[in-house]
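Structural overview
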Amino acid sequence: MRKAKDGLGLVPFVAYVVIFFALPAVLVVTSAFRAPDGSWTMANFDIFSRPGVSASFWNSCWLSLLTAAIGSVLGALVCFALLGCREGGIVRRLVDSAASTLSQFGGVMLAFAFITILGNNGFVTLALRNIAHVDIYRNGMWLYTPQGLILPYLFFQIPLMVISFYPAMSRLPGHLAEAVAILGGSRWVYWRSVAIPVLFPSFMGGFLLLFANSFSAYATAAALISQGAQIAPLQVRSALISETGLGNAGAAGALATGMLIIMVAVICAYALLERRASSWLE
Amino acid sequence: MAGVNHAVAAVASDAAGNAEKEEYTTIQNGAWSRYDRPSLAARRIILALFFLLVALPVIGMLYFSFRSTDGGMTTSHWAELFSSAAPRALRMLNRGLGNSLAIVLVTIAIEYVVVIPTLVLLDVRFPRSRRWMRVLMLLPIAIPAIILVVGYAPVFSFIYQWISTSQWTLAFAYGIISLPFVYTTIEADLMGMNAATLTQAAESLGAGWLRTLWSVLLPGLRKSIVSCTLITAAISLGEFTIASLLNRETLQTDLIVISQSDVYLSVVVTLIILILTFVALFLVSGAGAQRRPGHGTGGRKRIPQGQEAAEVAEAAGSADVSDESRHA
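Please read all numbers here as calculations on a predicted model, not as lab measurements.

Once that is clear, we can look at the overall build of chain B. Counting its secondary structure elements, chain B contains 16 helices and zero strands. Among the 328 residues that make up chain B, the fraction classed as buried is 50%. For chain B, restricting intrachain contacts to residue pairs at least 6 apart in sequence, the fraction spanning at least 24 positions comes to 72%. Within the structure as shown, chain B displays about 15800 Å² of accessible surface, and the carbon and sulfur contribution to it stands at 65%.

What follows covers the packing of aromatic side chains. Here the structure, examined in full by the defined rule, presents 23 aromatic pairs over all chains. With a centroid separation of 4.7 Å and 15 degrees between ring planes, the pair formed by A:F20 and B:F172 is classed as stacked. In this pair, A:F20 is assigned in helix α2 (residues 11-32) and B:F172 in helix α8 (residues 171-193), connecting two distinct chains. Take A:F20: its relative accessible area is 7%, and that puts it in the buried class. The exposure class assigned to B:F172 is partly exposed, which follows from its relative accessible area of 23%.

Another aspect to go through is the confidence of the model for chain B. Should the pLDDT be low somewhere, the predicted coordinates at that spot are not to be read in detail. All names here are of chain B. Overall, the prediction assigns chain B a mean pLDDT of 78, with 77% of residues at 70 or greater. Across residues 1-30 the pLDDT falls below 50, and counting only partners more than four positions away or on other chains, this stretch makes 44 contacts in the model. Within the model, the stretch residues 289-328 combines pLDDT values under 50 with 48 contacts to residues more than four positions away or in other chains.

Residues and elements named next belong to chain A. With respect to the element layout, N213 can be found in helix α9 (residues 187-215). Separated by 110 residues in the primary sequence, N213 and S103 have C-alpha atoms spaced 9.8 Å apart. Excluding anything up to four places from it in sequence, N213 contacts F156, Q157 and L160.

Right, let's get into unusual backbone geometry. The backbone of A:H133 shows a phi angle near 55 degrees, a positive value even though the residue is not glycine. On the basis of relative accessible area, A:H133 is assigned to the exposed category, the value being 67%. Here B:N194, not a glycine, exhibits a phi torsion of approximately 60 degrees, which is positive. Tracing the backbone shows B:N194 in the loop between α8 and α9 (195-204).

Next up on the list: the nonpolar core. The biggest cluster of nonpolar side chains holds 178 residues, and the ones touching the most others in it are A:F165, A:Y190, B:I147, B:Y152 and B:I242. Here the element with the most residues in this core is helix α4 (residues 88-125) of chain B; it accounts for 16 residues.

This paragraph deals with the pattern of salt bridges. Residues and elements named next belong to chain A. According to the stated counting rule, one finds eight salt bridges over all chains in the structure shown. The residue R129 makes a salt bridge to D135 at a minimum N-O spacing of 3.8 Å. You can call R129 partly exposed: its relative accessible area is 27%. Exposure remark for D135: the relative accessible area of 31% places this residue in the partly exposed category.

Where helix α4 (residues 90-104) of chain A meets helix α2 (residues 40-65) of chain B, the closest approach of the two axes is 11 Å, and the angle between their N-to-C directions is 40 degrees. Taken together, the axis directions place α4(A) and α2(B) in an arrangement best described as oblique. Crossing of α4(A) over α2(B) shows left-handed handedness. Contact residues: A:V91, A:L94, A:V95, A:A98 and A:L102 in α4(A); B:L47, B:F50, B:F51 and B:V54 in α2(B).

A few words on the packing of α2(A) against α4(B). With their axes 8 Å apart at the nearest point, α2(A) and α4(B) run at an angle of 110 degrees to one another. On the basis of their axis angle, the class for α2(A) and α4(B) is roughly perpendicular. Where α2(A) crosses over α4(B), the two elements pack in a sense that is left-handed. Across from A:P12, A:F13 and A:Y16 in α2(A), the residues of α4(B) making contact are B:I110, B:V114, B:V115 and B:T118. A per-class count over the contact of α2(A) with α4(B) returns six nonpolar, one polar and no charged.

Every contact between the two is made by 88 residues of chain B and, on the other side, 84 residues of chain A. Across the chain B to chain A interface the summed buried area is about 8000 Å²; carbon plus sulfur atoms make up 80%. Of all residues in chain B, B:Y35, B:F50 and B:I146 give up the largest surface area on contact with chain A, accounting jointly for 9% of the area buried on that side. Inspection of the chain B/chain A interface yields one salt bridge.

Parameters and conventions
Along each chain, the written sequence defines residue order, and numbers are assigned to residues from 1. Chain letters and ligand numbers both follow the written order, the letters beginning at A and the numbers at 1. Confidence filtering applies because this is a predicted model: local features only for residues at pLDDT of at least 70, side-chain atom pairs given and counted only at 80 or more, and all residues used for totals across whole chains, interfaces and linings. Here the side-chain values reflect all heavy atoms present in the structure, with hydrogen atoms and water set aside. Note on conventions: DSSP H or I runs of at least 4 residues are helices, E runs of at least 2 residues are strands, and numbering of each starts at the N terminus. Each residue gets one of three labels from its accessible area relative to the maximum for its type: buried under 20%, exposed over 50%, partly exposed in between, using a 1.4 Å probe on protein chains only. Any two residues whose heavy atoms approach within 4.5 Å at even a single point are treated as in contact. Note on areas: these come from Shrake-Rupley sampling with a 1.4 Å probe, and a residue is covered only by the protein chains present in the view. Pairing of aromatic side chains here covers Phe, Tyr and the six-membered ring of Trp, requires ring centres within 6.5 Å, and sorts the geometry by plane angle: under 30 degrees stacked, over 60 edge-to-face, intermediate tilted. Residue-level confidence of the predictor, termed pLDDT, takes values from 0 up to 100. In these notes, a set of buried Ala, Val, Leu, Ile, Met, Phe, Trp, Tyr and Cys residues joined through side-chain atoms within 4.5 Å is what counts as a nonpolar core. The salt bridge definition used is simple: a Lys or Arg side-chain nitrogen within 4 Å of an Asp or Glu carboxyl oxygen. A fitted line through C-alpha atoms serves as each axis, taken over the contacting stretch for helices, and the angle formed by two N-to-C directions is quoted from 0 to 180°. By definition in this entry, angles of less than 35 degrees are roughly parallel, angles greater than 145 are roughly antiparallel, angles of 65 to 115 are roughly perpendicular, and the rest are oblique. Whether a crossing is left-handed or right-handed is set by the direction in which the near helix is turned from the far one by less than a right angle, anticlockwise for left-handed and clockwise for right-handed. Classification convention: Asp, Glu, Lys, Arg as charged; Ala, Val, Leu, Ile, Met, Phe, Trp, Tyr, Cys, Pro as nonpolar; all other residues, Gly among them, as polar. Once two parts are brought into contact, the accessible area they lose, counted with a 1.4 Å probe and summed over both, makes up the buried area.

Rendered as structure tokens:
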């Protein structure tokens, strides 16, 4: 009886999640298999043979791999440095709030910030040009290309790694280091043979989270690249906003389903790694 | 006695606001330097580089906002923001900001009324749900805004047609996007304070569910509710993907439109919002610093804890223990 009453309390939440998450998620996949007349079809997936579409998925993949790799290594280094700072101390609080601001806060603003740093009139560009006489755009403007997205993406990738990896790092039991020392091992032995192997699953989990994060990042790219669609999220944009009618709902669905397959694979791997990681650090 | 002295000295140096002090002393009594802590030099270099990275956008935008179009320096971009003869761009921005604030309020209301009570209920009454909730809450990360927006297009055109044409309905989507962050924050606190046991205690004393929720559980969750609120606000204020692809008008979509005619105004507004967010997050992080999971409702226990710290330090004779409990 009480169970039934408690179950009733879950109804609003379940209804909300079904209408605004499960339903749209199902609609994404079904729209990929719908023809404009409402019948089922595979034709929407022909969009992947269009020039530029496969290339944009490829661009998204290498961009995400690269920024996840750099971001996870640098972010882990920041976590390492944070181990020496007092919990709740001013340094920890500064790093925490800066990291959440940068990682959660809209890519549009980050894009503006980046234009003021490395744009044609950005202060770093100007300083290099006027003081060091180096023109970073001598061979053309690369900030508004996929290569140009690498640096802006690192500005949210590194902070995200700090937030997601630090809890694992701070749970590293102190007695492991003591044990290594008592057995005569050096600092190097401790990190190479104990700490890094123990932390590796969590590190890879962070890496996958970063990959998923940049693979699905839209705002920064949309604000920087107004022409063309060189990465996968921008392909979804052009399929959604082009004005040739209903046929595009199917194309957008097919593109989104393509992204979804990659994202689900990455997040499944992440969930598996997290489970393995937690057994070490309990 | 050594332990007490250490604790007292440490408290004194803390009171002096000496945050840069080496907290985990690497060499104590000339013995062993902890392998699992960074050296002072490594810590300083890495953190300095991190703060440089964070400072770059701020320096860039500050410098940019004082530059005039001919290359000199000017304050006119800031003056424009406060001038009474508001340019058209600014009126548009006000509209977008108004829409965004309405969306933020509704999103927070959704989290308060629908999401947080359910998370508490699940934890207390259905403890077995924890395992699949953990998996379920990964789904919004696996199906991010750029994918979900394709499915939102028909859902929101239905809402637009039959329910409401105003902008705040976007909050339904933003509530979902914030869900994983709200869940991780609340869940960590629920685990820490042992919500199920507290509920049993309250109910054995005759309290009903609403009373338990209101006077036992929610006070314990105060800190995580505040950080949820801030993260939700930051996400809904900064969201661009769904708003832009569904052709809505929010602060972010307006910033993009304005940047095409007056990029300085966009940068000035961005700088203000970014700094406000950072300061808000920083202040909240400080409010919770005195409390640790399992230590009740915080603040009030501060003074006894000083004695407690000294006692624990005495008993264990270890500098690390006094270090830990001092900051509890």
